[in-house]
Amino acid sequence: MKKLLPIIILVLILLFYFFAKNQKQVSPVSPVSPTPVATLPAATTSAVLGQQTKSSNCLIVDAMQDKDCTPGAVFPNVTKDDVCVSGYSSRVRNVSESEKEMVFAEYSISSRPKGAYEVDHLISLELGGSNDIANLWPEAADPRPGFHEKDKVENYLHAQVCMGAISLQQAQNEIANDWLDVYKSISQ
């Protein structure tokens, strides 16, 4: 039992940190009145959007975010009409340098040459994604596909939403669950 005591204490500290960290709320600047995070219905989702279940030792695998660390989060009151107005993304963008540093720490990235990474909104702002840390991840430029290619996916899905070809919710689910699959389909 004495050997287990340090492990039990460490687990309790980590649980306290996890629950304390997830109690914070980010108040974005927005023309709509968003609440912090919404959970999207599970259509074909493999992660619960808005529920970050891990905040350390996160891994990027095959250019995809760790879904436990970055499941995606949205402003729940945002509509197609909001995101399809020019300038919407710049009005709601609100990620501090300290929050960006937290994102890199979650993914254990300490060395980052200029231009090698960007702190990316998994569900882009132009698709109603929020500034919550559950929606942020360090996306690499290389190897490709990287953040330049994901930008193409964001623009494509935004155009599809604004044309009425797909719903905003469908676009959010597609980009959160497998943006690479969308990229492959539009690159053929």
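Residues numbered from 1 in each chain as written. Predicted model: local features only at pLDDT ≥ 70, side-chain atom pairs only at ≥ 80, totals over all residues. Heavy atoms only, no water.

Chemist: How should I be thinking about the overall build of the chain in this particular structure?
Modeler: Scanning the chain for helices and strands turns up six helices and two strands. For the chain, the α and β elements follow one another from N to C terminus as α-α-α-α-β-β-α-α. A burial count over the chain gives 43% of its 188 residues as buried. Once local pairs closer than 6 in sequence are excluded, the contacts in the chain between residues at least 24 apart make up 70%. Summed over its atoms, the accessible surface of the chain is roughly 10,300 Å², and 57% of this surface lies on carbon and sulfur atoms. (Helix = DSSP H or I, 4+ residues; strand = E, 2+ residues; numbered from the N terminus. Buried < 20%, exposed > 50% of the residue type's maximum accessible area, 1.4 Å probe, protein only. Contact = heavy atoms within 4.5 Å. Areas by Shrake-Rupley, 256 points an atom, 1.4 Å probe, with all protein chains shown as cover.)

Chemist: Just to check I follow, could you spell out unusual backbone geometry for this structure?
Modeler: Most peptide bonds take the trans form, and the phi angle of most residues other than glycine is negative. A positive phi angle, close to 50 degrees, is found at Asp-62, a residue other than glycine. Structurally, the position occupied by Asp-62 is in the loop between helix H1 (5–21) and helix H2 (80–83). Since its relative accessible area comes to 65%, Asp-62 is described here as exposed.

Chemist: I would appreciate a short explanation of the packing of aromatic side chains in the present structure.
Modeler: Think of a pair of aromatic rings as described by two things: how far the centres are apart, and how the planes are tilted against each other in angle. All told, the structure shown has one aromatic pair when counted by the stated rule. With 6.1 Å between their ring centres and 80 degrees between their planes, Phe-104 and Tyr-117 make a pair best called edge-to-face. Linking Phe-104 in helix H4 (residues 97–106) with Tyr-117 in strand S1 (residues 117–121), this pair joins segments that are 13 residues apart in sequence. The ring of Phe-104 carries Arg-112 above its face, with NZ or CZ at 3.8 Å from the centroid. (Phe/Tyr/Trp six-rings, centres within 6.5 Å; stacked < 30°, edge-to-face > 60°. Lys NZ or Arg CZ within 6 Å of the ring centre and 35° of its normal.)

Chemist: What exactly am I supposed to notice about the pairing of strand S2 (residues 136–140) here?
Modeler: Residues in a regular strand project their side chains so that they alternate between the two faces of the sheet. Most of S2 sits out of view: five of its five residues are buried. Side-chain alternation along S2 places Leu-136, Pro-138 and Ala-140 on one buried face and Trp-137 and Glu-139 on a second face that is also buried. Pairing of S1 with S2 involves five bridges; the strand directions are antiparallel. Looking across to S2, one finds that Glu-118 is bridged to Glu-139. (Pairing = 2+ DSSP bridges.)

Chemist: Would you explain the packing of helix H5 (residues 147–163) against helix H6 (residues 168–186) in this entry?
Modeler: Any two packed helices are characterised by the angle at which their axes cross and by the distance between the axes. At a minimum axis distance of 9 Å, the contact between H5 and H6 shows a crossing angle of 130 degrees. By the angle between their axes, H5 is oblique relative to H6. Note that H5 runs across H6; the crossing there is right-handed. In this structure, H5 uses Glu-149, Lys-150, Lys-152, Val-153, Glu-154, Tyr-156, Leu-157 and Val-161 to contact H6, whose residues at the interface are Leu-168, Ala-171, Glu-174, Ile-175, Trp-179, Val-182, Tyr-183 and Ile-186. A breakdown of the residues in the contact of H5 with H6 according to their chemical character gives eleven nonpolar, no polar and five charged. (Axes fitted to C-alpha atoms, helices over the stretch in contact; angles between N-to-C directions. Parallel < 35°, antiparallel > 145°, perpendicular 65-115°, else oblique. Left-handed = near helix turned anticlockwise from the far one by under 90°. Nonpolar A, V, L, I, M, F, W, Y, C, P; charged D, E, K, R; others polar.)

Chemist: Would you mind going over the pattern of salt bridges with me for this structure?
Modeler: Close approach of charged atoms lets side chains of opposite charge pair. Applying the stated criterion to the full structure yields five salt bridges. The shortest N-O distance in the salt bridge between Lys-100 and Glu-97 comes to 3.5 Å. Taken together, the residues Lys-100 and Glu-97, both in helix H4 and three residues apart, mark about one turn of the helix. You can call Lys-100 partly exposed: its relative accessible area is 27%. (Salt bridge = Lys/Arg side-chain N within 4 Å of Asp/Glu carboxyl O.)

Note that all results are geometric; they support no functional claim without further evidence.
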